[in-house]
Every structure is written in structure tokens, then in C-alpha cells.
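Structure assessment
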Amino acid sequence: MQTAAQHIIAQLLVDALNLEGVNAAEIEPDAPLFGGGLGLDSIDALEIALAISQKFGVQMQADDEQTRKAFATLASLTEFVETHKN
Amino acid sequence: MLNLCDNPYLFTVAFCAALIRRQTTLLPQNRSPETLRRLAAEYPSSYLLHNHLHNPLSAPNEQHGQAGDLVDLADLAQVNLNQWRLQSSRATAIPEIERDFPAAIAFTSGSTGRPKAINKPWHTLVTSSLMNGACMLPPTGDLVHQLATVPPQHMWGLETGVLIPLFWPVCVADSRPLFPADLVKTLQALPAPRLLVSTPVHLRALVGSNLPLPPCSRILCATAPLAADLAIASEAATGGDLLEIYGCSEIGSTAFRRTASETLWRLIPGLSFQPQSAGAPPQIGGAHLTEVQVLQDRVEISPEGFTLLGRNEDMVNVGGKRGSLMQITQVLLDTPGIADAVVFMPEDAASRPAALVVAKDEPSSAAIQHYFVQHLDTVFLPRPLLFVERLPREATGKLHRAKVLELYHAALARTGKA
């Protein structure tokens, strides 16, 4: 089950990436975001980073080990945003 | 040699080393296992060089064995340059390379949907690099420090990130950052004057991030049409002028304009339109090209330059990767469980192709994706991919765009997102 914070991020993913046919509530918190069922790629990572910076003022950085971990799952992405947002 | 190095420095070293040993560099369009298998089969003595990717997305890909990893290519010799201790040796004389040596082969989606090999003899790369540098670099002739966000396997990335620096005073940042914050940090680490080589996708994210940017003397942007307002915003954010470059894999960089203030394109000096009969597709020639090339776009030529009138409708460009709608459609049609499919660019959101699909036995989205990434790059996976009962085919089997769009909007409305 998604937490409330995870649901907000899940909805942001669906909106930012135009994931028609994907219900935000059904994105598994611990399933891999990339290379998994959603079929996301590096352009999506850029779109996600842009959406997150605009909505939460949090900048993603790839040379940062934390970002790499953040993109693993919905749960880790949510935790990253929660930790870093203003 | 299949050069999959993601790191600009290692790519360049590998490219030059291959050149000295008279080995041809193959530039795969993507890293899908199917592409690599096909190239290995077509060029049986080839081997693969890579550097196991600093790409933030490679880790999850590797973990879960999806597209992007390099496993399961048992017949193809692979060398990971990160496992080698590369040592610099004292420079010897600049090597003499025969002018017709096939230095590189680029691949692009042909009009038939089959990838087409494009030979790049050494003299073509040398002359085009001299032409490109003269046209694209700031005119002062000073050493510039360049950051390129484009992969070297793409012609745009090869020309700007690898070749221009071999012939001009350009110092290249040894990384290819993806996220705006990384890009800013890398740019800040570079001394002025700075040169940013990018694409509309990357620039949009960079400008949209609202991060303060260090001044750049020049921005070069190519691979997909750039909106004038994004060009203006990019110039405002960096204080430099932005040249948009129009090109194709066959010719390489072809024309330029300052998109913030110009609409007309000018050919890069050294290229010229060939005389031709009225109504025929435009053709470009140049002394360094092996043959006259037909442009993918229709153009209107005036004394001061030319206007692009629209792309050959089958070709799409997603994140700098060129694909064929026909080829994408073919992959969907070959997917188990799919009875019929049409892939098209919806008029509103031009960033990705969309698809309408008729299912035979309700394949799951995951199954479709799994099959797709085995055959084509993930960026071409149509989004949205909507299921419909049937496609509005004419008696001849033809599909009219207007009817496809009508059905698309109806199907989109049903998902509650229109």
C-alpha cells in the first residue's frame, strides 16, 4: 500500500510522464521504476527531475549516490523528496 | 568495433585507437540486445567496447536484466574499458590515415523501417569537422571548454563532442551529466569561455529548473526542432548566443540559424543545394560527401536562406534518437497478442509517438513493453498506448490520419485524461 506522500509522488509521475492507462494508486512502492513494468527511460528521469524541482524545489543530481538510490522505487523517490524538500 | 562507451573521453580514445589500427567504429543507434545482436551478425569480426556507464539508470537496468544491460551476447567479444588501466604514452607523430578509410559507420532508420548503414570515410569526417568548427565555434579562436549532453554514438554527439575537439582548440568535459543540477555543476567547473552542446529536451529541463547558470559564450542545439521561446530563454539564462543546427545522419550538421532571432536557415559553408527539377525532394551536395544526399524535409529556398516545410511524415525524433513510425508499428504488430496497431504523432504532444492497438488476447502492458525493448529503444515505446476494438481502416486497408486522431481522442477521453 502507498502512503499519502507516496501517492502524491505517484500522481506526479503519471502526470509528468503522460502515463495513460497507469493508475497512480497501483504503482507498487517497492517495484523498480526503471527497467521494470513502467518502461521508463532516461528522458523520463529528466522529466521526473524537472517536475520534482518545480513542485518541491528539490534538485536531483546523478553524481550524488542518494539520487541514484532515489530513482530505484516509488518508496525511495518519495523518501528522497520528503528529506530534501523545503 | 562497436563503441558503446558512454564516457566522452573513453569513447574518443577508443575511436582514435581503432582508427590507428584501421578498425571501423560502428555507431549503434541504441543499446537494445536486438540491435547489438544484429550488428554482431552483420559484422562478424566485430567486438564491443564499453565503460559500464555512469548513467544513473544503468544500475536498476543491470539489476533487473532489462534493456540497457549487456548480458546475453555470448558470441560478441566485450571489453569493459573501466577494467583496464589506461596509461598515457608519449605522443608519436600524428598518424597518416588514408582519406578513403571507412572510419565510422552510422546507422539510422531507413524509410523501409530497416536500419540503414551510412559510411563515413575519414576525409568526410575531417572536412566536415573543419567546416563545422568554423561555423559553430565562437569566432575569437580562443580555447573553449565544452560540455556536451549528447551521446557520442549519435552523429550530433560524434561531430561536436568527439570530432570538432580533434581539429579545433576545444577542451571537452569528461562527463555527460543528465540532470540540470549536475549540468550546472559541471559547467561551473569549466573555465570560460564555455560552450554547451545540447538538445531541446535537455535545454528545456535546464531552463525549467531555474538554477543560476554560469555564462556560456555559445550554445549549440540539435536533434529536434527547438521552440523560439526556449531559444530566447536559453540565451537569457547563459548570456550566450544559441545556434540551432539542422542535420541528418547522412550529411551530419547541415544548416544553422540563431533561433532566438532568425527563422531562415543557412547551409553550413561547404554545402550547397543541387539543381533539380521542380517538385523533386531537395538535394544537398558537398565536395566531402560521397554522394549527393536527399533531405528528409521539404524546403523553400530563398536568396537569404531556406525554410523547412515539414518532415517526411514517417520519421520521428525522440530525445535525439531517430525512429521510423513504420518500424515502431511493425514491432507492435509482431508482438504476441496484438492483432492490429497504428503508431502516429498526435498533433498536440509532439514529444513521443502514440499508438492505438487492437488486442487478440489482451496482452498485459508489461508483456508489450518487454517485447518492445527487446527490439527497439525504450524511448520509442508509444505513450499513450491505448487499446481499441478496431482501427478505422478503409476497404483498401488504409488509415486516414483524421480518423485515427478522432479515435485516439475518444479513447483518451475514456481514460479520463483528455
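Residues numbered from 1 in each chain as written. Chains lettered and ligands numbered in written order. Predicted model: local features only at pLDDT ≥ 70, side-chain atom pairs only at ≥ 80, totals over all residues. Heavy atoms only, no water.

1. A word on a nonpolar patch on the surface
On the surface, Y9, V13, W84 and L86 of chain B cluster together into a nonpolar patch covering about 410 Å² of accessible area. Structurally, the position occupied by W84 of chain B is in the loop between β4 (77-80) and β5 (102-109). (Patch = residues over 30% accessible without salt bridge, like charges linked within 9 Å, V, L, I, M, F, W, Y side chains within 5 Å. Areas by Shrake-Rupley, 256 points an atom, 1.4 Å probe, with all protein chains shown as cover. Salt bridge = Lys/Arg side-chain N within 4 Å of Asp/Glu carboxyl O. Helix = DSSP H or I, 4+ residues; strand = E, 2+ residues; numbered from the N terminus.)

2. Considerations on unusual backbone geometry
Residues and elements named next belong to chain B. Each neighbour pair has its own omega, and for A192 with P193 the value is -5°, a cis peptide bond. Looking at the secondary structure, you find P193 in the loop between α6 (180-189) and β9 (194-198). Positive phi outside glycine occurs at R22, with the angle close to 60°. With respect to the helices, strands and loops of the structure, R22 is situated in the loop between α1 (8-20) and β2 (25-27). Residue class for R22 comes out partly exposed when judged on its relative accessible area of 32%. One non-glycine residue, N210, lies in the positive phi region at around 60°. Summarising the element assignment, N210 is placed in the loop between α7 (200-208) and β10 (218-221). (Buried < 20%, exposed > 50% of the residue type's maximum accessible area, 1.4 Å probe, protein only.)

3. Some points on the confidence of the model for chain B
Residue and element names in this part refer to chain B. For chain B, the mean per-residue pLDDT works out to 85, and 89% of the residues sit at or above 70. Here helix α3 (residues 58-64) is the element of chain B with the lowest mean pLDDT, 36, and helix α4 (residues 122-136) is the one with the highest, 97. In this model residues 53-71 is a low-confidence stretch, pLDDT under 50, and it forms 36 contacts with partners more than four residues away in sequence or in other chains. (pLDDT = per-residue confidence, 0-100. Contact = heavy atoms within 4.5 Å.)

4. What about the sheet that holds strand β16 (residues 293-294) of chain B?
Residues and elements named next belong to chain B. Spatially, 3 strands are ordered β14-β15-β16 in an open sheet, and the strand pairing comes out antiparallel. Of all the strands in the sheet, the pair left with one neighbour each is β14 (271-273) and β16. Pairing of β14 with strand β15 (residues 283-286), which is carried by 3 bridges, proceeds in the antiparallel orientation. Following the sheet pairing, F273 is matched in β15 by I284. (Pairing = 2+ DSSP bridges.)

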